[in-house]
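# Analysis of the macromolecular model
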Amino acid sequence: MDELWFADGLDFTCLECGRCCRGEPGAIWVTPEEMQRLARHVELTEEEFSRRFMTKRWGRPSLVERKNGDCIFLDAEKCRCLAYGLRPAQCSLFPFWPSLLRSRESWEEARERCPGMGQGRHFSQEEILAMLAKSPFFEL
């Protein structure tokens, strides 16, 4: 990571556009605890949930995506997560991921896809570092 290039903080406001939940195939990594919560939410056993909603991407358990790349929990018409209160840390921490904060260039590249990055609420360096510490996946 570049030496705290975001020392002055960063601006971000979720515009609820759903772009981070759809599009190109990717990975929506989940921890075992997150999978348990999601399984209870959809009233399935963990085994059944795993069979129907999980895959493995880049060596980690991941939620499956629809053929068009949308997250399985995205209501495409309303651009809303059907499990918003239980969404994985990967989702709730976006865009404050280690990979996007590694350098100013990584952040700027992601800004081209996310209209909420660079505007709205200002997050201090301390808040950003606290979110980085919450990331269960350093590769995220």
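Residues numbered from 1 in each chain as written. Predicted model: local features only at pLDDT ≥ 70, side-chain atom pairs only at ≥ 80, totals over all residues. Heavy atoms only, no water.

## Details of the overall build of the protein chain
The cut-off we apply is this: Numbering of helices and strands runs from the N terminus, with a helix taken as a DSSP run of H or I at least four residues long and a strand as a DSSP run of E at least two residues long. Only heavy atoms enter the contact rule, under which two residues are in contact if any of them lie within 4.5 Å. In this count, Lys and Arg are taken as positive residues and Asp and Glu as negative ones, while His and the chain termini are left out. Here the site of a charge means NZ on Lys, CZ on Arg, CG on Asp, or CD on Glu.
Counting its regular elements, the protein chain contains 6 helices and 6 strands. With respect to the principal axes defined by its C-alpha atoms, the protein chain has extents near 45 × 30 × 25 Å. Taking the contacts inside the protein chain whose residues are at least 6 apart along the sequence as the reference set, 71% of them involve residues at least 24 apart. The average position of the 20 basic charges and that of the 23 acidic charges among the side chains of the protein chain differ by 6 Å.

## Let's talk about helix α1 (residues 32–41)
Under the convention used in this document: Exposure categories follow from relative accessible area, calculated using a 1.4 Å probe and restricted to protein chains: below 20% of the type maximum is buried, above 50% is exposed, and the middle band is partly exposed. Directions pointing from the helix axis toward each C-beta atom define the arc.
Every buried residue of α1 is accounted for by Glu34, Met35, Leu38 and Ala39. The buried side chains of α1 occupy one side of the element, clustering within an arc of 135° when seen end-on. Where the residues of α1 are buried, they touch α2 (46–53), β2 (54–57), β3 (60–63) and α3 (89–93). Where α1 terminates, the next one or two residues include Glu43, which has phi positive at roughly 55°.

## Description of the pattern of salt bridges
Here is the rule we go by: When a carboxyl oxygen of Asp or Glu lies within 4 Å of a side-chain nitrogen of Lys or Arg, that pair is called a salt bridge.
Throughout the structure, instances matching the rule amount to 8 salt bridges. The salt bridge involving Asp70 is made with Arg22; its shortest N-O contact spans 3.8 Å. Remark: Arg22 occurs in the loop between β1 (10–12) and α1 and Asp70 occurs in the loop between β3 and β4 (74–75); sequence separation between them is 48 residues. Accessibility expressed as a relative area gives 6% for Asp70, which makes it buried. Here Glu139 ties to Arg60 by a salt bridge, and the two come within 2.7 Å at their closest N and O atoms. Of the two residues, Glu139 sits in the segment after α6 (125–134) while Arg60 sits in strand β3, which places them 79 residues apart along the sequence.

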